[in-house]
Amino acid sequence: MKINSFYVSALLMCQTAFMSCTDYEVKDPNFMPPDVVLNEDPKYNEIIEGLPEPGKMQAYSPSLLGKPYRPITVKYSSEFKPVTKWTEADTRVVAYMGDYEPVILSESDYKSVTNRYGSLTNGVRQPATGRFYVTQIDGRWWIIDPEGYPHYERSVTSVRYGSSARNREAWNRRFGSDENWLATSQTELASIGFHGTGAFCTDTYQKIQMHNQAHPDTPLTLAPSFGFLSQFRLQANLTYPGGTSDNSLGLVLYEEEWISFCKSYVAEVLAPYKNDANVLGFFSDNEINFSTQNSKILDRFLAITNPDDIAYKAAKAFMDEKEASKVTDNLNTEFAGRLAEIYYKGVKDAVKEFDPGMMYLGTRLHGTPKYMKNVVEAAGKYCDIVSINYYSRWSPELDTYVKDWETWAKAPFLVTEFYTKGVEDSDLNNGSGAGFSVPRQEDRAYAYQHFTLGLLEAKNCVGWHWFKYQDDDGDDNNGKPANKGVYDNNYELYPYLARFMQEINYNVYNLIDYFDN
């Protein structure tokens, strides 16, 4: 039995408080890359203490690379607690990857090759603009940071206070002030390779900016999120098509009003972030209902009973144009893409006019919309990065949809939500959330490595945002809080999860080199 200090350390940390680290099917499920050499050298058959026993060396799939690995088995479920049915899945972790050894083993190693943003300082430097932007280098998409260094995004969403009595008590005990809270959180998150914040920090964005001004060498990047469609309805005094917010995208059919609104609203909400070097970009909306598996947007618009409703008239005109009597998936996707084109163009043109250095990160496509060709094409045409909330898949769909996103969008993508929740060792009821249930915190750690290793294979992926900073709390989700966080409700990092996150986050650049070469 091989004893590995990293995994022994991870196990020990589960016994003590963590201190800062010093429904679309796969198109070809039988894909197997040709000529994969599976190394049977004895060193690749050792068992590492503290980890589940792996299977035999095999080619990783789904993948276009088929790099060798030995899978461990992790159980997951889409059910809420109590879980009655588990699915067992092959899972890839760094320790059992054939032909790969981590290069960055300590915080000092990590700091020696990265800057304050977690960007790679010994890579090929690009032009420095003082802002974040994206470019392709040798076929791989990269974010370039304000200093010109290649950057792979690793951040957490929802950096904000909890609401329960125990949460506030813990916050006061640990921090006592916003300044100390953000400074401590930045230090601890950076120590495991997270350098920024994502969506849903509404009450915290200005506090983060104050932290960044006071601590320019240890910033937290920002990616503020907004609700353009709901604000457009309110400010233009409109009603939702068909009387339901599910049809909110139809509001962009008031095209002149939409364009005018975008210009004024962008100038209003982005004013605090204009020319801020620490702002990665912004999201204009969250999970727009372009369609779902059970509810096509074209069907919904055609079902509106008011013949003068703007969405009904647009849908009827589209069907007449196509000389179609029945809605098909292809027609629905084309129609949704036309609406997406109006939506994204309105926002992008306004941003270009107000702050051309600001990246537009889109609307966090989810569920069915992320698989709709015309919607993704429209997002890629106008967004600097296509943002995707990636749930309901144990592994990234590398040989199918991830590849399609590159073809459709002609732009990179960023995973802006993913997580798992442990159900057996959490005091939360775990009765909500899109992330898979797994048995324990150890399984959350393995799932993180498995999913992010898949993303690192994809040359069109530029990073991820873990959902979220802290577990749900108190009355969240109608009294169904869930174990989603890097932190628990005592503001303590989950030690085992944090260590496995750290191993990936520290080694993203040499892992990219491993996959690309």
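Residues numbered from 1 in each chain as written. Predicted model: local features only at pLDDT ≥ 70, side-chain atom pairs only at ≥ 80, totals over all residues. Heavy atoms only, no water.

## Remarks on the side chain of glutamine 441
Point 1. Assignment of secondary structure puts glutamine 441 in helix H13 (residues 441-457).
Point 2. Judged by relative accessible area, which is 8%, glutamine 441 ranks as buried.
Point 3. Within polar-contact distance, the side chain of glutamine 441 engages the side chain of asparagine 483 at 2.8 Å.
Point 4. Other than its neighbours up to four places away in sequence, glutamine 441 contacts Gly422, Asp425, Asn483, Tyr494 and Tyr496. (Helix = DSSP H or I, 4+ residues; strand = E, 2+ residues; numbered from the N terminus. Buried < 20%, exposed > 50% of the residue type's maximum accessible area, 1.4 Å probe, protein only. Polar contact = N/O pair within 3.5 Å; in protein donor to acceptor, adjacent residues only side chain to side chain. Contact = heavy atoms within 4.5 Å.)

## Considerations on the confidence of the model for the protein chain
Point 1. Summary statistics for the protein chain give a mean pLDDT of 93 and a share of 91% for residues scoring 70 or more.
Point 2. The low-confidence segment residues 11-36, where pLDDT is below 50, has 49 contacts with residues more than four positions distant or belonging to other chains. (pLDDT = per-residue confidence, 0-100.)

## Topic: the sheet that holds strand S5 (residues 133-137)
Point 1. The three strands lie next to each other as S5-S6-S7, forming an open sheet whose pairing is antiparallel. Each end of this open sheet is capped by a strand with a single partner; those strands are S5 and strand S7 (150-151).
Point 2. Pairing of strand S6 (residues 140-144) with S7, which is carried by two bridges, proceeds in the antiparallel orientation. Bridge pairing in S7 links isoleucine 144 to proline 150.
Point 3. Against the sheet, helix H16 (residues 508-516) engages S6 and S7, with an angle of about 160° to S6. (Pairing = 2+ DSSP bridges. Axes fitted to C-alpha atoms, helices over the stretch in contact; angles between N-to-C directions.)

## Some words on the pattern of salt bridges
Point 1. Considering all chains together, one arrives at 24 salt bridges under this definition.
Point 2. The residue glutamate 442 makes a salt bridge to arginine 440 at a minimum N-O spacing of 3.8 Å.
Point 3. By relative accessible area, which is 19% here, glutamate 442 ends up buried.
Point 4. Notably, a salt bridge pairs aspartate 443 with arginine 440, separated by 3.2 Å at the nearest N-O pair.
Point 5. The exposure class of aspartate 443 is buried, given its relative accessible area of 5%. (Salt bridge = Lys/Arg side-chain N within 4 Å of Asp/Glu carboxyl O.)

## Some points on helix H6 (residues 228-235)
Point 1. What H6 keeps buried is the set Phe228, Leu229 and Phe232. The arc that holds the buried residues of H6, viewed along the axis, is 95°, so those residues lie on one side.
Point 2. In this fold, the buried residues of H6 make contact with helix H7 (255-269) and helix H10 (329-354).
Point 3. Looking one or two residues past H6, asparagine 237 carries a phi angle of roughly 55°, positive in sign. (Arc of directions from axis to C-beta.)

## Section: the packing of H13 against helix H15 (residues 495-506)
Point 1. One way to put it is that H13 packs onto H15 with a least axis distance of 8 Å and a crossing angle of 15°. Judged by the inter-axis angle, H13 sits roughly parallel to H15. Pair H13 / H15 crosses with right-handed handedness. When H13 is examined against H15, the residues Gln441, Glu442, Arg444, Ala445, Tyr446, Tyr448, Gln449, Thr452, Leu453 and Leu456 are found in contact with a partner set consisting of Tyr496, Leu497, Phe500, Met501, Glu503, Ile504 and Asn505.
Point 2. Among the residues forming the contact of H13 with H15, the class breakdown is 10 nonpolar, four polar and three charged. (Parallel < 35°, antiparallel > 145°, perpendicular 65-115°, else oblique. Left-handed = near helix turned anticlockwise from the far one by under 90°. Nonpolar A, V, L, I, M, F, W, Y, C, P; charged D, E, K, R; others polar.)

## Quick notes on the sheet that holds strand S9 (residues 196-197)
Point 1. In spatial order, the strands read S9-S8-S16-S13-S12; together these five strands make up an open sheet with parallel pairing. Either end of the sheet is taken by a strand with one partner, and the two such strands are S9 and strand S12 (386-389).
Point 2. By the bridge criterion, two bridges tie strand S8 (residues 153-156) to S9 in an arrangement that is parallel. Across the sheet, valine 156 pairs through a bridge with threonine 197, a residue of S9.

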